[in-house]
Amino acid sequence: MTSTERVAEIDLDALRHNIRHLRDVAHPARVMAVVKANAYGHGAVPVARAALEAGAAWLGVAHISEGVALRRAGIEAPILTWLHTAGTDFTAGVEHGLDLGISGWELERVVAAARELERPAIVHLKIDTGLGRNGCPPEKWDALLSRAVAHQEEGLIRVVGIFSHLAVADEPARPETDLQVQAFREAVAAAENAGIDVEVRHLANTPATFSRPDCHFDLVRVGLGIYGLSPFSDQDSADLGLRPVMTFSTTVSNCKEVPAGQGVSYGYAYRTQKPTTLGLIPVGYGDGVPRIATGAPVLVGGRMYPVVGRIAMDQLVIDFGTTGIADAPDGPLGKRAVLFGGAGSPAVEDWAAAAQTINYEVVTRISDRVERIYLDPGKGSAGDDADA
Ligand SMILES: *Cc1c(COP(=O)(O)O)cnc(C)c1O
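What counts, and where the lines are drawn
- Here, residues in each chain are numbered from 1, in the same order as that chain's written sequence.
- Only residues with pLDDT of at least 70 get local features here, since the model is predicted, and only at 80 or more are side-chain atom pairs given and counted; chain-wide, interface and lining totals rely on the full set of residues.
- Here the side-chain values reflect all heavy atoms present in the structure, with hydrogen atoms and water set aside.
- Salt bridges are defined as contacts in which a side-chain nitrogen from Lys or Arg sits within 4 Å of a carboxyl oxygen from Asp or Glu.
- Here's how the labels work: a residue is buried when its accessible area is under 20% of the maximum for its type, exposed when over 50%, partly exposed in between, all with a 1.4 Å probe on protein chains only.
- The nearness test applies per residue and asks whether one of its heavy atoms lies within 4 Å of the molecule or strand.
- Whenever two N or O atoms come within 3.5 Å, that pair is a polar contact, provided that in protein one can donate a hydrogen and the other can accept it, and provided that, for residues adjacent in sequence, both atoms are side-chain atoms.
- The method behind every accessible area is Shrake-Rupley, applied with a 1.4 Å probe, and residues are considered shielded solely by the protein chains displayed.
- Secondary structure is summarised from DSSP: a helix means a run of H or I of at least four residues, a strand means a run of E of at least two, and numbering begins at the N terminus for each.
- All amino acids are sorted into three groups, where Ala, Val, Leu, Ile, Met, Phe, Trp, Tyr, Cys and Pro are nonpolar, Asp, Glu, Lys and Arg are charged, and the leftover types, Gly among them, are polar.
- Buried Ala, Val, Leu, Ile, Met, Phe, Trp, Tyr and Cys residues form a nonpolar core when they are joined through side-chain atoms within 4.5 Å.
- The split of the chain into domains comes from an automatic or database domain assignment.
- Throughout, a residue-residue contact means that at least one pair of heavy atoms, one from each residue, lies within 4.5 Å.
- Within 6.5 Å between ring centres, the rings of Phe, Tyr and Trp (the latter by its six-membered ring) count as paired, and their orientation is classed by plane angle as stacked under 30 degrees, edge-to-face over 60, tilted in between.
- In short, buried area is how much 1.4 Å probe accessible area vanishes from two parts on joining, totalled over both.
- At least two bridges found by DSSP between two strands are what make those strands a pair.
- Throughout, an axis means a line fitted to C-alpha atoms (over the contacting stretch in the case of helices), and angles, computed between N-to-C directions, take values from 0 to 180 degrees.

Another aspect to go through is the pattern of salt bridges. In total, this model carries 15 salt bridges according to the counting rule given. A salt bridge links Asp 330 to Lys 335; the nearest nitrogen and oxygen atoms lie 3.6 Å apart. A residue is classified by how much of its surface remains accessible, and Asp 330, at 59% relative accessible area, is exposed. Given the relative accessible area of 28%, Lys 335 is considered partly exposed.

Here is the structure:
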């Protein structure tokens with residue numbers, strides 16, 4: 001069956017559990033489920049629908065085009081978009097009723113689109129409280145506010161939100177977050193003084209949602225956490241009450257006994273020390289497996305085995321460390337091989353460590369060549385509400 005060749009199973013029950021848990025953590029603030037970059041590789045439309053079912057109030061994506069794709073799939077919830085370029089189709093953003101994050105120059109483009117469509121644009125003004133990426137610099141904030149107020153009075157925009165993004169919330173002990181919170185409070189106060197009736201103030205990402213209740217304000221923007229992953233180096237998913245949503249698996253596609261001294265894969269970066277059995281795992285960097293993740297664990301038949309030698313475009317090799325199994329009736333050939341997933345499987349974080357990156361990147365890069373299968377066992381059943 002082709003559907004089991006290479007699969008990222010997406011457990012929508014786990015996703016709904018995570019959303020409900022994050023709602024509890026953030027309460028009384030509401031939850032924006034961040035589904036940019038194809039929901040961190042999990043599939044934007046099914047994830048967005050499940051997140052809304054579980055009580056997310058908003059969706060967040062980076063690009064207007066991502067928001068338009070959600071609207072075309074029939075999703076009517078508020079969707080915030082915040083990363084625009086000179087080539088962005090602001091008309092599409094206004095036409096589809098997307099909420100538009102504005103740092104400065106975008107305002108005039110958005111107003112032009114609203115004027116043309118004779119429909120007010122929904123706007124969230126973004127202050128740079130210290131991240132140094134987009135967001136309006138504090139010294140230009142008053143000018144941005146007065147332009148926004150003028151356009152609002154003309155009926156061309158409706159400013160519903162003020163927001164900013166944190167730089168070091170994944171390291172809760174660092175002092176810079178306090179400075180960002182202070183700058184954010186000042187920016188909100190300035191907006192209110194300028195006559196803007198701010199409906200939603202939002203600052204927190206996943207790490208701040210867990211570690212900084214003082215950052216919750218009216219809405220938290222959570223990405224990583226809804227996928228069941230931890231942003232902290234000293235706490236795992238279970239510590240945070242989260243369940244990993246993606247399980248990435250394939251099957252052992254070849255299995256052979258080799259002598260000591262066998263070179264494995266390109267460059268012979270690995271040679272067997274003793275006679276052993278190698279398993280071929282038919283996924284590689286073309287499937288989004290990080291090429292440098294040699295040493296990462298793969299689960300076969302209840303045990304973990306390390307990736308040995310270089311990871312190639314389509315395949316990688318694991319060493320079973322033993323002989324006499326390759327041709328055994330219950331040998332590894334054809335067995336399920338799990339690269340990462342929930343309890344009992346290797347963790348996304350094991351792959352992130354082997355690849356010198358973060359869990360965010362590992363799941364987000366799993367490529368289109370890997371089929372997404374949506375597991376939805378609890379949908380509509382009593383079990384779905386049991387842990388609400
Ligand atoms: C990606 C992103 C988020 C979500 O961050 P997580 O750490 O995944 O929760 C929130 N806000 C903005 C502006 C983002 O770009």
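Still to come is the rest of the account.
For the rest of this paragraph, the subject is the site of the ligand. The local shell around the ligand holds 13 residues, among which Lys 36, Tyr 40, Thr 206, Leu 224 and Tyr 360 are the closest. Contact distances for the ligand include 2.6 Å between an oxygen atom and a side-chain N or O atom of Tyr 40. One nitrogen or oxygen atom from the side chain of Arg 221 is found 2.9 Å from a nitrogen atom belonging to the ligand. Contact with the protein chains covers 94% of the free accessible surface of the ligand, which is 390 Å². Elements represented by at least two residues in the shell around the ligand include exactly helix 2 (36-40), helix 9 (206-211) and strand 9 (219-222). Here the shell around the ligand is composed, by residue class, of seven nonpolar, four polar and two charged.

Let us now look at the nonpolar core. Core analysis: the largest hydrophobic core is formed by 118 residues, its most contacted members being Leu 125, Leu 316, Leu 339, Phe 340 and Trp 351. Looking at this core element by element, the count peaks at six residues for helix 1 (residues 12-26). For this core, the two domains that each supply at least three residues are domain 1 (12-227) and domain 2 (246-383). When residues no more than four places from it in sequence are discounted, the contact partners of Leu 316 are Gly 279, Leu 280, Ile 281, Val 283, Val 289, Val 307, Ile 311, Leu 339 and Trp 351. Formed by five residues, the second largest nonpolar core is a distinct cluster that contains Val 264, Leu 278, Val 308 and Val 317.

This part is about the packing of aromatic side chains. Evaluation of the coordinates by the stated rule reveals six aromatic pairs. For the ring pair Phe 248 and Phe 340, a centre distance of 5.7 Å and an interplane angle of 55 degrees mean the geometry is tilted. With Phe 248 in strand 10 (residues 246-251) and Phe 340 in strand 18 (residues 336-340), this residue pair connects regions lying 92 residues apart in the sequence. Of the residues examined, Phe 340 reaches a relative accessible area of 2% and is grouped as buried. Pairwise contacts between aromatic rings join Tyr 40, Tyr 227 and Tyr 360 into one cluster.

Bring the parts together and some accessible area is lost; that lost area is often taken as the interface size. Examined at the domain level, the protein breaks down into domain 1 (12-227) and domain 2 (246-383). Each of domain 1 and domain 2 has a C-alpha centre, and these two points are 37 Å apart. The partner domain 2 presents 12 residues to the 12 residues of domain 1 that form the contact. In this assembly, domain 1 packs against domain 2 so that about 1100 Å² is buried in total across both faces, 55% of it on carbon and sulfur atoms.

Once that is clear, we can look at the sheet that holds strand 15 (residues 297-300). Within the open sheet, the nine strands sit side by side as 11-14-17-16-15-18-10-1-19. Their pairing is mixed. Since the sheet does not close on itself, it has two edges, and those belong to strand 11 (254-258) and strand 19 (371-375), each with one partner. Neighbour-to-neighbour, the strand axes of this sheet turn through a mean angle of 35 degrees, independent of strand direction. Bridge count for strand 16 (residues 303-308) against strand 17 (residues 316-319) is two bridges, and the pairing is antiparallel. When the sheet's bridge partners are listed, Val 308 is paired in strand 17 with Val 317. In this fold helix 1 packs onto strand 1 (6-11) and strand 19, with an angle of close to 40 degrees to the strand it touches most, strand 1.

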